[in-house]
Amino acid sequence: MREAIKDANKNKHHFGAIIVKGNKIISKAGKRPVGDPRYHAETQAIIKATNKLKTKNLKGYTLYSTCEPCPMCFYMAWITGVSKIIFGASNKDAIKNGFKEINITDKELNKRGGNKIKIEGGFMRKECLNLLNK
């Protein structure tokens, strides 16, 4: 998570994400086009990981995200088989800070998708909230 926060700060973004296997970082979201809503940290980290690994299957990999993934990002993790999502701030935190988010939790999306992904929220929440308050 520290790397996701560091990357978001470095690139002056509110959100950061990385894909990890074991203790090895596979990909980071990196710099994204400012103002383009299609480029979310999570989707970019997933795309970079699948391209680097030359596979569309991320079973056994963990997505760390500074904020709870939106439905689009959750689906990208779900469809590629990410095994675990660990996030800091929640979607409700993002909404409270003025971000446009659909108010549905990843736990609810996961439930509807067959509970394929282990989800842990609130990890380093305070540090992640600082990104939203920029």
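Here, every reference points to the structure presented above.
So, a few notes on the structure that sits alongside this text. (Residues numbered from 1 in each chain as written. Predicted model: local features only at pLDDT ≥ 70, side-chain atom pairs only at ≥ 80, totals over all residues. Heavy atoms only, no water.)

**Notes on unusual backbone geometry**
The phi dihedral of K12 falls on the positive side, at around 55 degrees, and the residue is not glycine. Positionally, K12 belongs in the loop between α1 (2-10) and β1 (17-21). Among the residues examined, K12 registers a relative accessible area of 72% and is labelled exposed. (Helix = DSSP H or I, 4+ residues; strand = E, 2+ residues; numbered from the N terminus. Buried < 20%, exposed > 50% of the residue type's maximum accessible area, 1.4 Å probe, protein only.)

**Notes on the pattern of salt bridges**
The tally for this structure, following the rule as stated, stands at four salt bridges. Of the charged contacts, one joins E3 and K28 as a salt bridge, the two residues approaching to 3.3 Å between their closest N and O atoms. With E3 in helix α1 and K28 in strand β2 (residues 24-28), this residue pair connects regions lying 25 residues apart in the sequence. A salt bridge links R125 to D93, with the nearest nitrogen and oxygen atoms 2.7 Å apart. Of this pair, R125 sits in helix α6 (residues 125-132) while D93 sits in helix α4 (residues 91-96); the two residues are 32 residues apart in sequence, bridging distant segments of the chain. A relative accessible area of 38% means that R125 is categorised as partly exposed. (Salt bridge = Lys/Arg side-chain N within 4 Å of Asp/Glu carboxyl O.)

**Some remarks on helix α2 (residues 41-53)**
Counted at 1.5 Å a residue, the expected span for α2 with its 13 residues is 18 Å, and the 18 Å between its end C-alpha atoms agrees. Taken together, the buried positions of α2 are A41, E42, T43, Q44, A45, I46, A49 and T50. Against the buried residues of α2 lie β1, β2, β3 (62-67) and α3 (71-79). Of the residues flanking the end of α2, it is K54, one or two places downstream, whose phi is positive at about 55 degrees. (Expected span 1.5 Å × (residues − 1). Contact = heavy atoms within 4.5 Å.)

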